[in-house]
Amino acid sequence: MIGIIADSHDNMNAIRKAVEFFNEKKVKTVLHAGDFISPFTARAFKDLESKLYFVFGNNDGDKVTLTKRFEEIGAISCGNFGDLTIDGLHIALLHGTNEALVKALAISGEFDVVIRGHTHDPGVKIIEGVPVINPGEASGVLSGKQTVALLEIANLNVEIIQLELD
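S.K.: Help me understand the overall build of the protein chain in this model?
M.R.: Helix and strand counts for the protein chain come out as 4 helices and 11 strands. Counting only C-alpha atoms and orienting by the principal axes, one finds that the protein chain spans roughly 40 × 30 × 30 Å. Relative to its full complement of 166 residues, the protein chain shows a buried share of 53%. A fraction of 53% describes how many contacts in the protein chain between residues 6 or more apart in sequence connect residues 24 or more apart. Here the protein chain has roughly 7600 Å² of accessible surface; of this, 46% comes from carbon and sulfur atoms. Positive and negative side-chain charges of the protein chain, numbering 15 and 23 respectively, have mean locations separated by a distance of 4 Å.

S.K.: What am I meant to see in the sheet that holds strand 1 (residues 2-5) here?
M.R.: Backbone hydrogen bonds hold the strands of a sheet together, and the pairing may be parallel or antiparallel. The strand order across the open sheet built from 6 strands is 4-3-2-1-10-11, with neighbouring strands paired in mixed fashion. The open sheet has two edge strands with one neighbour each: strand 4 (76-77) and strand 11 (158-162). In this structure, strand 1 lies alongside strand 2 (residues 29-32), joined through 4 bridges in parallel fashion. Paired with Ile5 across the two strands is His32, which belongs to strand 2.

S.K.: Would you explain the sheet that holds strand 7 (residues 113-115) in this entry?
M.R.: The 5 strands are arranged 5-6-7-9-8 in an open sheet whose pairing can be described as mixed. Lying at the two open borders of the sheet, with one neighbouring strand each, are strand 5 (81-86) and strand 8 (123-127). Ignoring which end each strand starts from, the neighbouring axes of this sheet average 20 degrees apart. Packed on one face of the sheet, helix 4 (residues 99-107) meets strand 5, strand 6 (89-94), strand 7, strand 8 and strand 9 (130-134) and runs near 175 degrees to strand 6.

S.K.: Help me understand helix 4 in this model?
M.R.: Note that an α-helix has 3.6 residues per turn; residues three or four places apart therefore point the same way. Buried within helix 4 are the following residues: Val102, Leu105 and Ala106. Axial view of helix 4: buried residues confined to an arc of 100 degrees, hence all on one face. The inward-facing, buried residues of helix 4 contact strand 5, strand 6, strand 7, strand 8 and strand 9. Two or three places before Ala100, at the start of helix 4, stands the capping residue Asn98, its side-chain oxygen 3.0 Å from that residue's backbone nitrogen. Just downstream of helix 4, Gly109 is the residue with a positive phi angle, here 85 degrees.

S.K.: So what exactly am I meant to see when it comes to the pattern of salt bridges here?
M.R.: Close approach of charged atoms allows side chains with opposite charge to pair. With the rule as written, the count across this model stands at 5 salt bridges. In this structure, the salt-bridge partner of Asp87 is Lys28, at a minimum N-O distance of 3.5 Å. On the criterion of sequence distance, the pair formed by Asp87 in the loop between strand 5 and strand 6 and Lys28 in the loop between helix 1 (12-25) and strand 2 is long-range, its members being 59 residues apart. Assessed through its relative accessible area of 53%, Asp87 is described here as exposed. Among the salt bridges present, the one from Asp47 reaches Lys46, with a minimum N-O distance of 3.9 Å.

S.K.: It is not clear to me how the nonpolar core should be interpreted in this structure. Could you clarify?
M.R.: General note: in soluble globular proteins, nonpolar side chains tend to be found buried as a group. If you look at the biggest cluster of nonpolar residues, it comprises 25 residues, and the most contacted ones within it are Ile5, Phe22, Phe45, Phe70 and Val148. Among the elements of the structure, helix 1, helix 2 (42-45), strand 3 (51-54), helix 3 (63-72) and strand 10 (147-151) are those that each provide at least two residues to this core. A total of 6 residues in this core trace back to one element, the largest contributor, which is helix 1. When residues no more than four places from it in sequence are discounted, the contact partners of Phe70 are Phe36, Pro39, Thr41, Ala42, Phe45, Leu52, Phe54 and Ala75. Ranked by size, the runner-up nonpolar core spans 19 residues in total, among them Ile4, Cys78, Ile91 and Leu151.

Calculation notes
- Residues numbered from 1 in each chain as written.
- Predicted model: local features only at pLDDT ≥ 70, side-chain atom pairs only at ≥ 80, totals over all residues.
- Heavy atoms only, no water.
- Helix = DSSP H or I, 4+ residues; strand = E, 2+ residues; numbered from the N terminus.
- Buried < 20%, exposed > 50% of the residue type's maximum accessible area, 1.4 Å probe, protein only.
- Contact = heavy atoms within 4.5 Å.
- Areas by Shrake-Rupley, 256 points an atom, 1.4 Å probe, with all protein chains shown as cover.
- Lys, Arg positive; Asp, Glu negative; His and termini not counted.
- Charge placed at Lys NZ, Arg CZ, Asp CG, Glu CD.
- Pairing = 2+ DSSP bridges.
- Axes fitted to C-alpha atoms, helices over the stretch in contact; angles between N-to-C directions.
- Arc of directions from axis to C-beta.
- Polar contact = N/O pair within 3.5 Å; in protein donor to acceptor, adjacent residues only side chain to side chain.
- Salt bridge = Lys/Arg side-chain N within 4 Å of Asp/Glu carboxyl O.
- Core = buried A, V, L, I, M, F, W, Y, C linked by side-chain atoms within 4.5 Å.

By themselves, these figures tell us nothing about what the structure is for.
Shown next as structure tokens:
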């Protein structure tokens, strides 16, 4: 199982809750589709028990220090685009500011799944048979709902989860 998070926007409590959730679910990998914002957010991810891959979002400022802080906790930066294979599943990981690019990746035939963020709108769109997954916003800054997603590798089943904060 893969955990998916995006648009955490410096919300340390929401990040900690997402990390706790992903650890409880014993996910193999977590993918962050951009917009951490500040390098200090790495502290909230340090207890994550699975491998973390991430891409930058349009609001991520100090990318050098972000990368350094996240690499210090064992995370892997994919820069602006991640071309990942996890348990045979070929995944495109990006923030998703360009809708035409998101669609082009889905219809390219290169990827089994496209994971994106940016819109803060959780859900799955199927584009020519390829799931395009947006976990929504972990921060809750726009919608008031703090969401993440789980992806089952074997059958591409996606579940959007609303985090319950204390």
